[in-house]
Amino acid sequence: MLWLGVAYLGALAALLITSLWMQNDFTGNIERVWTTENFQTLFTVDVYRTITLRTIGIAALVTLIDAVIAFPIALYMAKVASPRAQRLLVIAVLMPLWASYLVKAYAWRGMFSSNGPIAWVVEPFGLHSPGYGLFATTVTLAYLWLPYMILPVFAGLERVPDSLFEASADLGAGSWMTLRRVVLPMAFPAFVAGSIFTFSLTMGDYIAVKIVGGTTQMLGNVVYDNQGAANNLPFAAAVATIPIVVMLGYLAAARRTGALEQL
Amino acid sequence: MLSHGLRRSLTAVTAVVLVIVYIPLALVLLNSFNTDNTFGWPPPGLTLHWWHVAWESQGARDALWTSVRVALAATALALVLGTLAAMGLRRTRFFGRNVVSLLIILPIALPGVVTGLAFQNGFRTILGIDLSLWTIVIAHATFCIVTVFNNVQARFQRLGGNFEQASMDLGAGRWTTFRLVTFPMLRSALLAGALLSFGLSFDEIVVTTFTASPQDQTLPIWIFQNLFRPNQAPIVNVVAAVLVIFSAIPIYLAQRLSGASTEGLTGAR
């Protein structure tokens, strides 16, 4: 019954084992000899450290941007909008989620192109479009994963009872104070739940980077290029262990905040 | 409860962000009519030419058909296995219950490259199977199971087991109970799960690139491969515009299922 779960875990385990094998440079075949060579390369070559840090940095930045944008919208949806408006807003947030991932990344390629709308808007000010690169990648990824943050935070804020707002106001707190001291702490697990998606999805992305990132590389690109063009599956497997370790650490930390129940 | 100024600024921020969210999508729609095939802005003129060309494109048609078949197969597999997993976890209270729940979430919590590479490695290096449509289906089904499982489990938690016990007390066997009691209770949850699974599989590209053989092109892969070819760009844009319009369909369907929509469509990726 749970054979797929087993199959999935099996595949993951096999991946870890493969990362300890080596590749024959001449034949391109995988030799089943135990070695830590792949991991040594990974830790000693500067490029990989830079890419790892960059990937984690972008993932954290994207998560932060999404959290900052998601909070006011989710708060508006949960506590200000009328029930009818709330329904419409949920649809409005969900709709881009169903639009193809690729189409959205592609749309931003159009936005950032050298003769596209962004260039058109900033040109009168003597500026150019920022072009394809780290900035475009971060914007696109933040755009792509925004709904994954809004929806859990909205669900979390909806569970904060109205009476708490009144109680806080009765005790003399202003709106800002209430938000900071009452609402944010209660909604925190919801933010963490949303961040699991934004963080993990960014960690593993390589398509959006290819479309709007110019020559920027992220961990996903290294994995993809090594299994494809370079045909070095063991090394790709070794690289793939980085996101696994990071995400397991992240999930373990998220568990402590009780966020996993909110998924 | 919130001050007037704060409410107003929340309204403003929401409006601005929603506009920004929809601008790129509107741009894709508009560019599909752009006469300039490098998509200069503002468009020098509008034309239906590219829509005609895209309609004739055999590559796009084949890729669409492949995607539909893969998504249907993955959804069917996920419906069966996801429901069984949810039912199994509900009845038994064995010690690893939480572990199994976590395990089922893992395919969506881990990045796509990891899942994709794990499957490719599993199929090719370990099992020695050549990549085909079926390897895509199996890989897709793995993360589709999560959505079905989440929906069905949420429904079980809400309904409890009383109806089924009543049914058994009245003399119905297990199978009759499932057919006449359990299944009707689950129907809308299953529909929502199926809808999500289909959408996820139809849209998925990362895992697909790792588990597809070079001959098997799903629609996302076709788009991705033609994206960087200048003379194909307008056709890709039309396909993208069609996908944007299509994305309204599942939302519409979900609203029709209304009860299922809030619980079903927010749960998983």
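Residues numbered from 1 in each chain as written. Chains lettered and ligands numbered in written order. Predicted model: local features only at pLDDT ≥ 70, side-chain atom pairs only at ≥ 80, totals over all residues. Heavy atoms only, no water.

1. Topic: the packing of aromatic side chains
Working step 1: In this structure the tally under the stated criterion is 13 aromatic pairs over all chains.
Working step 2: Ring pairs connect the aromatic residues A:Tyr101, A:Trp145, A:Tyr148 and A:Phe197, which therefore count as one cluster. (Phe/Tyr/Trp six-rings, centres within 6.5 Å; stacked < 30°, edge-to-face > 60°.)

2. What about the packing of helix H12 (residues 233-256) of chain A against helix H5 (residues 112-126) of chain B?
Relative placement of two packed helices is described by the angle separating their axes and the distance separating the axes.
Working step 1: Taken N-terminus to C-terminus, the directions of H12(A) and H5(B) make an angle of 145°; their axes are 10 Å apart at the nearest point. Pair H12(A) / H5(B) crosses with left-handed handedness. Residues A:Leu233, A:Ala236, A:Ala237, A:Ala240, A:Pro243 and A:Ile244 of H12(A) form the contact with H5(B), whose own contacting residues are B:Val114, B:Leu117, B:Gln120, B:Asn121 and B:Thr125.
Working step 2: Of the residues contributing to the contact of H12(A) with H5(B), the split by class is eight nonpolar, three polar and no charged. (Axes fitted to C-alpha atoms, helices over the stretch in contact; angles between N-to-C directions. Helix = DSSP H or I, 4+ residues; strand = E, 2+ residues; numbered from the N terminus. Left-handed = near helix turned anticlockwise from the far one by under 90°. Contact = heavy atoms within 4.5 Å. Nonpolar A, V, L, I, M, F, W, Y, C, P; charged D, E, K, R; others polar.)

3. Digging into the interface of chain A and chain B
Working step 1: Each partner contributes to the interface: chain A provides 79 residues, whereas chain B provides 81 residues.
Working step 2: Our count for the chain A to chain B interface comes out at zero salt bridges.
Working step 3: The interface formed by chain A and chain B includes five residue pairs in polar contact (both at pLDDT 80 or more).
Working step 4: Broken down by class, the residue content of the side of chain A that touches chain B amounts to 60 nonpolar, twelve polar and seven charged. (Salt bridge = Lys/Arg side-chain N within 4 Å of Asp/Glu carboxyl O. Polar contact = N/O pair within 3.5 Å; in protein donor to acceptor, adjacent residues only side chain to side chain.)

4. Brief notes about the confidence of the model for chain B
Working step 1: Overall, the predicted model of chain B reaches an average pLDDT of 78, with 84% of residues at or above 70.
Working step 2: Confidence drops under a pLDDT of 50 for residues 259-269 of chain B, and excluding neighbours within four residues, the segment shows 29 contacts in the predicted structure. (pLDDT = per-residue confidence, 0-100.)

5. As for the nonpolar core
Working step 1: Core analysis: the largest hydrophobic core is formed by 147 residues, its most contacted members being A:Leu157, A:Ile207, B:Leu117, B:Trp222 and B:Ile223.
Working step 2: The two domains that each donate at least three residues to this core are domain 1 (1-26) and domain 2 (32-267) of chain B.
Working step 3: Setting aside residues up to four positions removed in sequence, B:Ile223 forms contacts with A:Leu102, B:Val236, B:Val239 and B:Leu243.
Working step 4: Among the nonpolar cores identified, the runner-up in size contains six residues, and B:Val70, B:Ala74, B:Val137 and B:Ala212 belong to it. (Core = buried A, V, L, I, M, F, W, Y, C linked by side-chain atoms within 4.5 Å. Buried < 20%, exposed > 50% of the residue type's maximum accessible area, 1.4 Å probe, protein only. Domains from an automatic or database assignment.)

6. Focus: helix H7 (residues 134-158) of chain A
Residue and element names in this part refer to chain A.
Working step 1: Compared with an ideal rise of 1.5 Å per residue, which puts 25 residues at 36 Å, H7 spans 35 Å between its outermost C-alpha atoms and is within 8% of the ideal.
Working step 2: Remark: the principal bend of H7, roughly 45°, maps to tryptophan 145, with a proline, proline 147, within the next four residues.
Working step 3: Burial analysis of H7 places 20 of its 25 residues in the buried class, which makes it a mostly covered element. (Expected span 1.5 Å × (residues − 1). Bend = angle between axes of the 7 residues up to and from the residue.)

7. Observations concerning the packing of helix H5 (residues 101-112) of chain A against H7(A)
Residue and element names in this part refer to chain A.
Working step 1: Relative to each other, H5 and H7 sit at 140°, their axes nearing to 10 Å. Judged by the inter-axis angle, H5 sits oblique to H7. In the crossing of H5 with H7, the sense of the turn from one axis to the other is right-handed. Between H5 and H7, the contacting residues are Tyr101, Lys104, Ala105, Trp108 and Phe112 on the first element and Phe135, Ala136, Val139, Thr140, Tyr143, Leu144 and Trp145 on the second.
Working step 2: In the contact of H5 with H7, the residues fall into ten nonpolar, one polar and one charged. (Parallel < 35°, antiparallel > 145°, perpendicular 65-115°, else oblique.)

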